[in-house]
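Results of the structural survey
Take a look at the letters that make up each chain.
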Amino acid sequence: MRDLDIARWRLRSQHLVRPHAASAGEVVGSLLAVQAENPGQSAWAVASRTHGPDQADLAALLDNGTVVRTHVLRTTWHYVRAEDIGWLLDLTGPRLRRITGQALRTTHGLDDHSASQALTAITSALASRGPLTRGQLAQQLQQRGIGSSGQMLMILLAHAELGAVICSGPPASGEHTYALMDQRVPAPRRPGRSEALAELALRYFTGHGPATERDLAYWASLTLTDVRAGLAQARGQLGSFQHDGRTFWHSPGQAPTGPGEPEGHLLQILDETYRGYQDSRWLLDTAGDVPRTRETAAGMALADAQLIAAMRRTITADHVQFDLRPYRPLTPPQIRALDQAASRYGQYLHLTARLTRP
């Protein structure tokens, strides 16, 4: 087993190479949670894993509430199926709310009483007016004499999301809205903690594997003790192997014998192929060409499961442009693979695609 074999296997597990998923809903369910900080880029992260990328696919799921975009895992946005959000928040919410609660107290001066007042004002506004944008919620707080600076409100809303009080509502003219969780997801599934940890382990390693227990602990913001408790129950449904002194867990099956199709991908740096791992993230760069520093680019270019260039996407009225900054000279097959990736992305956006490189 080589590093490249594992990297290729992950792309297949994540549906980035054939066989693709049938729909956006299948993608979100398979990955369990898809990071969604940037709505436009993250929508492509979902669509690129389907056999017929269509902007309307995920949009319809967000509109009708089958999929919610909310804070869960690592205090950031994710797409999650409504049927999964309840038990995921039960697992991750308490730990993450300690972070958001401390930020409200130390950075913004909101003690527990003040935060509770602000949250009551938010839930009252949503109950009486229905889904509202962040700007509309800020106005509601101001009318009640509650300060609502942009950063404070963002953390306050995340705190409420992590507490399963609110989640995403249907988009309004393309803008994210908030709604009461019990109205948007009236009957969330909530298995016991032991069962939830087992399901988490099974679905993460099935949708992201091969991966390590430390990868899952990072991804879900849980302790290794929790991860191991879930893995102890799920291991009978998973395969595993030893590599580089670590145990990698995966859905039963064999590693790919060669490159998957398509070979090229243009993705945001927050994509699950990168952000879905930490312990073994750099299997994406077996040559060691990528600087091991904080990301300086919003996007990345992959060829045959390897990160070969930083990427910046620019959308204009008539085209989408991808500017590449390669980490080493690109080969003709890599260039062809990325040209094809740009074309697929352009077709999804209904725009002409342009790929530029030094």
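Residues numbered from 1 in each chain as written. Predicted model: local features only at pLDDT ≥ 70, side-chain atom pairs only at ≥ 80, totals over all residues. Heavy atoms only, no water.

Attention now moves to the overall build of the protein chain. Each helix and strand counted, the protein chain has 14 helices and 12 strands in total. The C-alpha atoms of the protein chain give a radius of gyration of 21 Å, which matches the 21 Å a tight globule of 358 residues would have. Its C-alpha atoms put the protein chain at 60 × 50 × 35 Å along the principal axes. When the 358 residues of the protein chain are sorted by exposure, 55% land in the buried category. Nonlocal contacts in the protein chain, meaning residues at least 24 apart in sequence, comprise 65% of its contacts between residues at least 6 apart. Counting only carbon and sulfur atoms, one obtains 49% of the accessible surface of the protein chain, whose full area is about 15,200 Å². Between the mean site of the 37 positive side-chain charges and the mean site of the 33 negative ones, the protein chain shows a separation of 3 Å. (Helix = DSSP H or I, 4+ residues; strand = E, 2+ residues; numbered from the N terminus. Rg over C-alpha atoms; globule rule 2.2 N^0.38 Å. Buried < 20%, exposed > 50% of the residue type's maximum accessible area, 1.4 Å probe, protein only. Contact = heavy atoms within 4.5 Å. Areas by Shrake-Rupley, 256 points an atom, 1.4 Å probe, with all protein chains shown as cover. Lys, Arg positive; Asp, Glu negative; His and termini not counted. Charge placed at Lys NZ, Arg CZ, Asp CG, Glu CD.)

Let us look at the pairing of strand β6 (residues 239-243). Residues of β6 alternate between two faces, with Gly239, Phe241 and His243 buried on one and Ser240 and Gln242 left unburied on the opposite face. As paired strands, β6 and strand β7 (residues 246-250) are joined by 5 bridges and run antiparallel to one another. Across the sheet, Gly239 pairs through a bridge with His250, a residue of β7. In this antiparallel pair of consecutive strands, β6 and β7, the connection spans 2 residues, and Asp244 shows a positive phi of 55 degrees. (Pairing = 2+ DSSP bridges.)

Strand order in the open sheet formed by 5 strands is β8-β9-β10-β11-β12, and the pairing between neighbours is mixed. The open sheet is flanked by β8 (264-268) and β12 (352-356), the only strands paired with a single partner. In this sheet, neighbouring strand axes are inclined to one another by 30 degrees on average, regardless of whether the strands run parallel or antiparallel. Bridge count for strand β11 (residues 319-326) against β12 is 5 bridges, and the pairing is parallel. Opposite Gln321, over in β12, you have Arg354 as the bridge partner. Against the sheet, helix α3 (residues 39-47) touches β8 and β10 (306-315), its axis set at about 145 degrees to β8. Of the strands in this sheet, β8, β9 (299-303), β10, β11 and β12 are in contact with helix α14 (residues 332-349), which crosses β8 at around 55 degrees. (Axes fitted to C-alpha atoms, helices over the stretch in contact; angles between N-to-C directions.)

We now examine the packing of aromatic side chains. Summed over all chains, the structure comprises 10 aromatic pairs. Pairing Trp9 with Phe241 gives two aromatic rings, centres 5.9 Å apart and planes at 15 degrees, and the pair type is stacked. Placement of the pair is Trp9 in helix α1 (residues 3-13) and Phe241 in strand β6, with a sequence separation of 232 residues. You'll find Trp9 and Phe241 in the same group, each marked buried. Taking the centre distance of 5.1 Å and the plane angle of 40 degrees together, the rings of Tyr204 and Trp219 count as tilted. Of this pair, Tyr204 sits in helix α10 (residues 193-208) while Trp219 is found in helix α11 (residues 213-220), placing the two residues 15 residues apart along the sequence. In this structure Tyr204 comes out as buried when scored by relative accessible area, which is 0%. (Phe/Tyr/Trp six-rings, centres within 6.5 Å; stacked < 30°, edge-to-face > 60°.)

Our focus in this paragraph is the sheet that holds strand β3 (residues 77-81). Taken together, the 3 strands give an open sheet; going across it, the order is β1-β3-β2, and neighbouring strands pair in antiparallel fashion. One side of each edge strand has no neighbouring strand; the edge strands of this open sheet are β1 (34-35) and β2 (67-71). By the bridge criterion, 2 bridges tie β1 to β3 in an arrangement that is antiparallel. When the bridges of β3 are listed, Gln35 appears paired with His78.

The next thing to look at is the pattern of salt bridges. Oppositely charged side chains are able to pair whenever their charged atoms sit close together. Within the structure shown, the criterion is met by 19 salt bridges. Note that Glu83 is salt-bridged to Arg81, the shortest N-O span being 3.4 Å. Since its relative accessible area comes to 43%, Glu83 is described here as partly exposed. Arg312 serves as the salt-bridge partner of Asp323, at 3.4 Å between the closest nitrogen and oxygen. Taken together, the residues Asp323 in strand β11 and Arg312 in strand β10 connect sequence positions 11 residues apart. (Salt bridge = Lys/Arg side-chain N within 4 Å of Asp/Glu carboxyl O.)

Here we come to the nonpolar core. Membership of the largest hydrophobic core comes to 73 residues, with the highest contact counts inside it found for Tyr79, Leu156, Leu266 and Leu324. In this structure, Leu32, Trp87, Leu200 and Trp219 belong to the second largest nonpolar core, which totals 36 residues. (Core = buried A, V, L, I, M, F, W, Y, C linked by side-chain atoms within 4.5 Å.)

Once that is clear, we can look at the side chain of Arg10. Its location among the elements puts Arg10 in helix α1. When sequence neighbours within four positions are dropped, the list of residues in contact with Arg10 reads His208, Gly209, Pro210, Ala211, Asp215, Phe248, Tyr277, Ser280 and Leu283.

Next up on the list: the packing of helix α6 (residues 112-129) against helix α7 (residues 134-143). Look at α6 against α7: their axes get within 10 Å of each other, and the N-to-C directions meet at 120 degrees. Classified by chirality, the crossing of α7 by α6 is right-handed. On α7, the residues that touch Ala118, Ala121, Ile122, Ala125, Leu126 and Arg129 of α6 are Leu137, Gln140 and Leu141. Partitioning the contact of α6 with α7 into residue classes produces 7 nonpolar, 1 polar and 1 charged. (Left-handed = near helix turned anticlockwise from the far one by under 90°. Nonpolar A, V, L, I, M, F, W, Y, C, P; charged D, E, K, R; others polar.)

Compared with an ideal rise of 1.5 Å per residue, which puts 16 residues at 22 Å, α10 spans 22 Å between its outermost C-alpha atoms and is within 8% of the ideal. The complete set of buried residues in α10 reads Ala196, Leu197, Ala198, Glu199, Leu200, Ala201, Arg203, Tyr204, Phe205, Gly207 and His208. (Expected span 1.5 Å × (residues − 1).)

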